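# Architecture and fold: a report
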Amino acid sequence: MGRVTERRKVLRIRDGAVSTRPDTLVAEEPLEIRLDGRPIAITMRTPGDDFALAAGFLVSEGVLATASDVLNIVYCAGATGGGGSNTYNVVDVKTAPHVVVPDITLERNVYTTSSCGLCGKASLDAVRTTARWPIADTPPVRVEPELLSALPDRLRAAQRVFDRTGGLHAAALFSEDGELLDVREDVGRHNAVDKLVGRALTNGELPLSRTILLVSGRASFELAQKAVMAGIPMLAAVSAPSSLAVDLAAETGLTLVGFLRGSSMNVYAGEDRIALRTAAARG
């Protein structure tokens, strides 16, 4: 199986001094996701947690909801590299007989990149799959700004591979009390979220209705969609959200927080879950 990191020789220039040295880089390899033998997506990812990534992707597509929806997930033995070795870059998710696969999932057959997530989506309506667990119907979760402010540092402290490479995104699930429940790293933040959701599916923890999802970088429409499809009521990002992410959050009741840095943050939707002090709210 592919490694999470790889070593490369680099020319280093520091204050005019030139030297050569090995550098640790994050690995990036393609992963083809098949559904009952049919290719449906290719994503560029950091190897590791591939089964969880595939399962989480299919949760966001509206295919999977419980662990019983999956018969098994396997690496395809026919996907071989030089010398007939398995590349471990093709995963097949075999679903239970009761699972109904949405037509849009089979029709799209998409290519994804580590930077932007799913590409080639024909329209906004094509990716607004029906949420199994409407966020507006979940028990109320209220979080104080001070708790949110502490989460980025907790995420950063848990990023083991980032410390060695500086080249990974991360996604973390926190409880409403700020407890770190799980964290995944990947060259693509959408993959990191899929790995979190896929692990939750396998552990029988969906919907994640009393959790906070924190992502490094920006909050795209796709990340908002993944949160909604997993029943996550609050998505926070250390950078900016996109306009479509804000629109989706407003429509579904998702709390969307951006620019979460220190004690500062912007709340773009779902502000009712932010427990503001009365005086501060009036100000």
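Here's a quick rundown of the structure. (Residues numbered from 1 in each chain as written. Predicted model: local features only at pLDDT ≥ 70, side-chain atom pairs only at ≥ 80, totals over all residues. Heavy atoms only, no water.)

### Digging into the sheet that holds strand E13 (residues 255-261)
Spatially, the six strands line up as an open sheet ordered E10-E9-E11-E12-E13-E14, and their pairing is mixed. Where the open sheet ends on each side, the last strands, each with one partner, are strand E10 (180-186) and strand E14 (264-269). Taking the axes of each pair of neighbouring strands and ignoring which way they run, one obtains an average angle of 20° across the sheet. Bridge count between strand E9 (residues 169-175) and E10: six bridges; the pairing is antiparallel. Counted as the bridge partner of Ala172 is Val183 from E10. Packing of helix H6 (residues 189-202) onto the sheet brings it into contact with E9, E10 and strand E11 (211-215), and relative to E10 it is tilted by some 140°. (Pairing = 2+ DSSP bridges. Helix = DSSP H or I, 4+ residues; strand = E, 2+ residues; numbered from the N terminus. Axes fitted to C-alpha atoms, helices over the stretch in contact; angles between N-to-C directions. Contact = heavy atoms within 4.5 Å.)

### So, the pattern of salt bridges
Here the structure, examined in full by the defined rule, presents twelve salt bridges. The salt bridge involving Asp92 is made with Lys94; its shortest N-O contact spans 2.9 Å. Given the relative accessible area of 32%, Lys94 is considered partly exposed. The closest approach of N and O atoms between Lys226 and Glu222, which form a salt bridge, is 3.6 Å. Placement of the pair is Lys226 and Glu222 together in helix H7 (residues 221-229), with a separation of four residues, close to one helical turn. Judged on exposure class, the residue Lys226 and its partner Glu222 are both buried. A cluster of three or more residues bridged by salt bridges with shared partners is formed by Asp49, Asp182, Arg184 and Arg199. (Salt bridge = Lys/Arg side-chain N within 4 Å of Asp/Glu carboxyl O. Buried < 20%, exposed > 50% of the residue type's maximum accessible area, 1.4 Å probe, protein only.)

### Looking at a nonpolar patch on the surface
Together, Leu11, Ile13 and Val18 make up a nonpolar patch on the protein surface, roughly 310 Å² of accessible area in all. Relative to the helices and strands, Val18 resides in strand E2 (residues 17-26). For Val18, a relative accessible area of 56% gives the class exposed. (Patch = residues over 30% accessible without salt bridge, like charges linked within 9 Å, V, L, I, M, F, W, Y side chains within 5 Å. Areas by Shrake-Rupley, 256 points an atom, 1.4 Å probe, with all protein chains shown as cover.)

### Structural notes on the environment of Asp194
In this structure, Asp194 sits in helix H6. Residue classification places Asp194 among the buried positions, given a relative accessible area of 2%. What Asp194 contacts, discounting residues up to four positions off in sequence, is Ala52, Leu53, Gly56, Phe57, Ser60 and Lys226.

### Here we look at the packing of aromatic side chains
This structure, assessed with the given rule, holds two aromatic pairs. The interplanar angle of 45° and the centroid separation of 4.9 Å between the aromatic rings of Phe51 and Tyr75 together place this pair among those described as tilted. With Phe51 in helix H1 (residues 50-60) and Tyr75 in strand E5 (residues 70-75), this pair connects stretches of sequence that are 24 residues apart. Ring geometry for Tyr75 and Tyr88: centres 5.0 Å apart, planes at 85°, overall edge-to-face. Taken together, the residues Tyr75 in strand E5 and Tyr88 in the loop between E5 and strand E6 (90-95) connect sequence positions 13 residues apart. We classify Tyr75 as buried; its relative accessible area is 19%. Exposure remark for Tyr88: the relative accessible area of 30% places this residue in the partly exposed category. Taken together, the aromatic side chains of Phe51, Tyr75 and Tyr88 make up a single cluster linked through ring pairs. (Phe/Tyr/Trp six-rings, centres within 6.5 Å; stacked < 30°, edge-to-face > 60°.)

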